[in-house]
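Topology and contacts: notes
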Amino acid sequence: MNRRDRTLTLAAIALLAAACSSNGATPHDPGKVVLPSKQMTVAGKLYATKGRSLYRFSGTHLTPLLTGVKVKDPAVSADGTRLAFAQLQEQSSAIVLGDVEGKARQRITPPSAPEGALWAFSPSFSADAKQLLYLTDRGKEPSSPRDLKPNDLGVWLYDAGTGRSHRVVAPAPYTGGDSDPLFRPGASDQLIYTTYLYGGVPLQPAARLTWMSTRTGASVSLSPERARNFQPAFSPDGQYLAFIRADSGRDDLYVMALGTSFSREPRPYPTEAAILLQSGMVSQPVWAPDGSAIAFLMPTKGSFDLFVLPVTTTGTVRASGPAQAVTHGSFLDADSRLAWSP
Amino acid sequence: MNQTGVTGVPGASRPSRSHWIVIGAVLLCLALIAGALVYIMPVLALLGNHDAAPGRNVPAPAHAPPPLDSKQRINILLLGSDNDQKFREDALLSQTMIVVSVDPAHHQVTLLSLPRDLWVEIPAYGNAKIDLAYARGGAALARATVEKAFKIPIHYYAWIGLKGLVRVVDRLGGIDVDVLHPVLDDNYPNDFNASGYGTERVYLAAGPQHLDGRHALQYVRSRHGDLLSDFGRSIRQQQVLLALQQQAEGMDPVTALPNFARDLNGHVKTDLDLVRVTQLALFMRGLRAGDVRQAFITPFVRDATSPDGQQILLADWPAVNRYLRQLFGEDLLS
């Protein structure tokens, strides 16, 4: 047997051995939303996107919305009547506002400005739906390959009364900027967002939950400098904050209580006392409108699917049962927010 | 009278049952061999794609690869380059240099990223950024440069182009990655348009998500919006390598290997042979998250300007050597 023959023989044996221990083929995107055989009943209306198309889950019904529109980050007002989302174009995006069926739509941010094409993402309603927080790179300096300038996302506020927007938070340059802005329910002068930055020696990527008073403009960090805590989601009463903590290769879902009035130096960091609700690679948590559950996206066998975790806030906040799958093998967009309305 | 009633050529007789069994076995073997060849030819074609030998006098590899049945450490220099449309194929800078060190004895893999702007001595060339080694002398000179600067014996190399990474990720059905920061790049090089030039705008939201090949490439390649620049990119590259390894765990290697080979042909160059690839693939399948160690020499380098005015990184070599000793123990070159 020459060397080549031995090589082939050994390879064949090794491959056969591998076949014996194989876990099967990697699942691929089916191109549609798939519901499990044992369907879960969704209370209220839960919105998610798949392939940039918007879907609404309600009861055991699945309804596609806004056909032909590329949607990211849907948001619904607390009364369930208004819908906002980021509409994606080829090289830009804009915030669009309409009724909950997606009709009477109006674009409230420009897709471009003198500084160039613009991004806009993550709209979020105030309790009375008269204001919207969102992210944009508006106000950046024009950039070219020979003269690079930062184009990080800052937090902006749109006032429906005046039809105007202004910047609330300027991003730190070359960090990617801020994300996940939210009004605090029951406290119209408080908001929460994720600040992306670098911490430690040598510098490492970090993400801090930031609490801001819009009345004074002051902001404080709710999480340590070197940690990665992000994607905050308020309970409907504004008392609890769910968020994702990345640590040791996992992205777990935690929840913590937050004092009612804005505190300048909350120490120890409130995230340090947070309670673990769900382990895994969890993304985009959102509370049910009645506070009885948290929905999120989590991958199983390569597909991000929609789950609902029942929670109770009686006594200490905790999961009151296992998470139930709303979809199965659907490859939902895990970079796009969920929304949940009555 | 012929007792059997068979007539014809003297000495010829109807094949016995044992003859049919032998013929059947031979046919079966031939069919199996033909099937194996059809299966394995794309893989052999891929692995036969070696880097062209450099024109200069490049030192030979410091060490032969360890025997297959040994528990000795195996080091592979992973090289990634810009696309092969825009530049001459033999003049690509290596944008990525990662030493993948497989330690079977301790069931551990170390990923060591080497910054592309690091100022080193390139054998038979002189002092330059380390990314120039591949452009000047291909994988052989890149290997010799790493061996000389870091005293790490490089047993194999694997070069992958941009399209190669995209195809690997897509063949796996995408990868699950926790994007560390929002990635915004208004000047991301658009390598896949007709000319290979031009830019496009890129946005990736932060957080856990599923990336296809195109977006995985954007994630590992963009550096304009990252304060950590090339170091930030090194972190992301290692993150994607780990995600690839995790995604491949669910793959059926028997059916996947030829498809991978067909996808990657022309986008990968390596001197790994089939048996070693198979051995490494099986080893990687058994790895857990804690078995992979991520390493960077960033704490031991500082910004500087080269004599010809380039922005470079200078290493504190005694500190680098101490760090490498921690990582590789006695497995370094003397």
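Throughout, a residue's number is its position along its own chain's written sequence, starting from 1. As a convention, the first chain written is A and the first ligand written is 1, with the rest following in written order. Only residues with pLDDT of at least 70 get local features here, since the model is predicted, and only at 80 or more are side-chain atom pairs given and counted; chain-wide, interface and lining totals rely on the full set of residues.

What to know about the sheet that holds strand β2 (residues 53–59) of chain A
Residues and elements named next belong to chain A. Between any two strands, pairing holds if DSSP finds at least two bridges. The helix count covers DSSP runs of H or I at least four residues long, the strand count covers runs of E at least two residues long, and both are numbered beginning at the N terminus. Strand order in the open sheet made by the four strands is β3-β2-β1-β27, with antiparallel pairing throughout. This sheet does not close on itself; its edge strands, each paired only once, are β3 (61–65) and β27 (339–341). Adjacent strand axes in the sheet meet at a mean angle of 25° when their direction is disregarded. One ladder, built from six bridges, connects strand β1 (residues 42–50) with β2; its direction is antiparallel. Directly across from Lys-50, in β2, lies its bridge partner Ser-53. Where helices are involved, their axes are fitted lines through C-alpha atoms of the stretch in contact, as for all axes, and angles between N-to-C directions lie from 0 to 180°.

What about the confidence of the model for chain B?
All names here are of chain B. Across the chain, each position has a pLDDT score giving the predictor's confidence in that residue, from 0 to 100. Averaged over every residue, the pLDDT of chain B is 83; the share at 70 or more is 84%. The least confident element of chain B is helix α1 (residues 17–47), whose mean pLDDT is 74; the most confident is strand β10 (residues 207–211), at 97. Here, residue contact means that the backbone-derived C-beta atoms of the two residues sit within 7 Å. Taken together, the stretch residues 1–8 has pLDDT below 50 and engages in three contacts with residues farther than four places along the chain or on a different chain. This prediction of the complex comes with two scores: 0.86 for pTM and 0.92 for ipTM.

Let's talk about the nonpolar core
Among the nonpolar cores identified, the biggest contains 170 residues, and A:Ile294, A:Ala295, B:Leu77 and B:Tyr157 are the most heavily contacted of them. Among the elements that make up this core, the one with the highest residue count is helix α2 (residues 132–150) of chain B (11 residues). For A:Ile294, the residues in contact, after removing those within four places along its chain, are A:Ala242, A:Leu277, A:Pro285, A:Val286, A:Trp287, A:Leu309 and A:Val311. Take the buried Ala, Val, Leu, Ile, Met, Phe, Trp, Tyr and Cys residues, join any whose C-beta atoms are within 7 Å, and the set you get is a nonpolar core. Three classes are used. A residue is buried when 20 or more other C-beta atoms lie within 10 Å of its own, exposed when 12 or fewer do, and partly exposed in between, with C-beta atoms placed from the backbone.

Re the interface of chain B and chain A
Each partner contributes residues to the interface: chain B has 47 residues there, and chain A has 56 residues. At the level of secondary structure, the elements contributing two or more residues to the side of chain B that touches chain A comprise α1, β7 (175–179), β8 (183–189), β9 (199–204), β10, α5 (229–248), α6 (253–264) and α7 (274–285) of chain B. Under the scheme applied here, ten amino acids are nonpolar (Ala, Val, Leu, Ile, Met, Phe, Trp, Tyr, Cys and Pro), four are charged (Asp, Glu, Lys and Arg), and all others, including Gly, are polar. For the side of chain B that touches chain A, the residue count by class is 22 nonpolar, 16 polar and nine charged.

Brief notes about the sheet that holds strand β13 (residues 164–169) of chain A
All names here are of chain A. Within the open sheet, the four strands sit side by side as β10-β11-β12-β13. Their pairing is antiparallel. The open sheet terminates on both sides in strands that have one partner only, identified here as β10 (120–125) and β13. Each neighbouring strand pair of the sheet contributes to a mean axis angle of 30°, computed without reference to strand direction. Where strand β12 (residues 154–159) and β13 come together, five bridges link them in antiparallel fashion. Its bridge partner lying in β13, Asp-159 is registered against Arg-164.

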